[in-house]
Structures are given as structure tokens and as C-alpha cells.
Amino acid sequence: MGGQAFAGGETHPAVLKMAGMIQSSVPGFNRFTAFNDKYHEGTRSKHAKGLAGDVTISDPRQSTEAANAVRQLAQQLGANVY
């Protein structure tokens, strides 16, 4: 992973672990669009603390199934999904 999604600074290893799980198992996964990136730099966002990531789903018809899969993974790891 690289590019703009990381241009702001470090991302917590647990967030990256969850990202890998999302990438390998969420239906319709497209890409990650933000972690600790330049857009969130200097804000109070969880992104700026390296504690958040954004994911894009390829097919909107899969969004409910994808959101449920992400929530389930987050719960397994003790994280929250917003």
C-alpha cells in the first residue's frame, strides 16, 4: 500500500492489519482511499492519529454486504466502524 493514502504520516499497525483483512475478504472491495493522509493532516480526525481508514466498494449493490463484513471484522478486532 502506498501513495496518497499514507502521505500524512504513520498508520497504526492494527489499522493496517484490519485493512489487509478487509482487502482479502470484503465483497466488492475496490481500494483504500485514506489512512493518515495529507487531507486529514492537522485535523482532530482519527485519520490524523493513524487510527482510521476509508474503503471504497466497486459495486454499490454490494455496499450493505460489504458494510456488514467490515463491521464484523472490526468487532472481532475490538474496533469501531463509522
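Residues numbered from 1 in each chain as written. Predicted model: local features only at pLDDT ≥ 70, side-chain atom pairs only at ≥ 80, totals over all residues. Heavy atoms only, no water.

(A) Spotlight on the overall build of the protein. Looking only at helices and strands, the protein has 2 helices and 2 strands in total. Put simply, the protein runs from its N terminus to its C terminus through helices and strands in the order α-β-β-α. Taken along its principal axes, the extent of the C-alpha atoms in the protein is 35 × 25 × 20 Å. Out of the 82 residues belonging to the protein, those deemed buried represent 32%. Nonlocal contacts in the protein, meaning residues at least 24 apart in sequence, comprise 65% of its contacts between residues at least 6 apart. Of the roughly 5400 Å² of accessible surface on the protein, 49% is carried by carbon and sulfur atoms. In the protein, which carries 8 positive and 6 negative side-chain charges, the distance between the mean positions of the two groups comes to 6 Å. (Helix = DSSP H or I, 4+ residues; strand = E, 2+ residues; numbered from the N terminus. Buried < 20%, exposed > 50% of the residue type's maximum accessible area, 1.4 Å probe, protein only. Contact = heavy atoms within 4.5 Å. Areas by Shrake-Rupley, 256 points an atom, 1.4 Å probe, with all protein chains shown as cover. Lys, Arg positive; Asp, Glu negative; His and termini not counted. Charge placed at Lys NZ, Arg CZ, Asp CG, Glu CD.)

(B) The confidence of the model for the protein, seen in detail. Overall, the prediction assigns the protein a mean pLDDT of 85, with 93% of residues at 70 or greater. At the low end of the mean pLDDT range in the protein sits helix α2 (residues 63–77), at 87; at the high end sits helix α1 (residues 13–25), at 90. (pLDDT = per-residue confidence, 0-100.)

(C) Quick look at the packing of aromatic side chains. By the definition in use, this model includes 2 aromatic pairs. Both rings, one in Phe-32 and one in Phe-35, keep their centres 5.2 Å apart while their planes meet at 40°; by these two values the pair is tilted. Summarising the burial analysis for this pair, Phe-32 and Phe-35 share the class buried. Aromatic ring contacts, followed pair by pair, group Phe-29, Phe-32 and Phe-35 into a single cluster. (Phe/Tyr/Trp six-rings, centres within 6.5 Å; stacked < 30°, edge-to-face > 60°.)

(D) Local environment of the pattern of salt bridges. All told, the structure shown has 2 salt bridges when counted by the stated rule. The shortest N-O distance in the salt bridge between Asp-59 and Arg-61 comes to 2.9 Å. (Salt bridge = Lys/Arg side-chain N within 4 Å of Asp/Glu carboxyl O.)

(E) Just the side chain of His-40, in detail. As for its placement among the helices and strands, His-40 is situated in the loop between β1 (29–34) and β2 (54–57). Side chain to side chain, His-40 and Asp-37 meet in a polar contact 2.5 Å long. Setting aside its immediate chain neighbours within four residues, His-40 contacts Ala-34, Phe-35, Ser-45, His-47 and Ala-48. (Polar contact = N/O pair within 3.5 Å; in protein donor to acceptor, adjacent residues only side chain to side chain.)

(F) Seen up close, the layout of surface pockets. Put simply, the largest pocket is a space of about 710 Å³. As for the largest pocket, its lining consists of 27 residues, and the residues nearest its centre are Met-18, Ala-52, Gly-53, Asn-80 and Val-81. Contributions of two or more residues to the lining of the largest pocket are made by α1, β2 and α2. Residue classes in the lining of the largest pocket are distributed as 19 nonpolar, 6 polar and 2 charged. (1 Å grid on protein atoms, 1.4 Å probe; cavity = no way out; pocket = protein on both sides within 12 Å on 5 of 7 lines; lining within 4 Å. Points joined across faces, edges and corners; volume = space filled by probe spheres on them. Nonpolar A, V, L, I, M, F, W, Y, C, P; charged D, E, K, R; others polar.)

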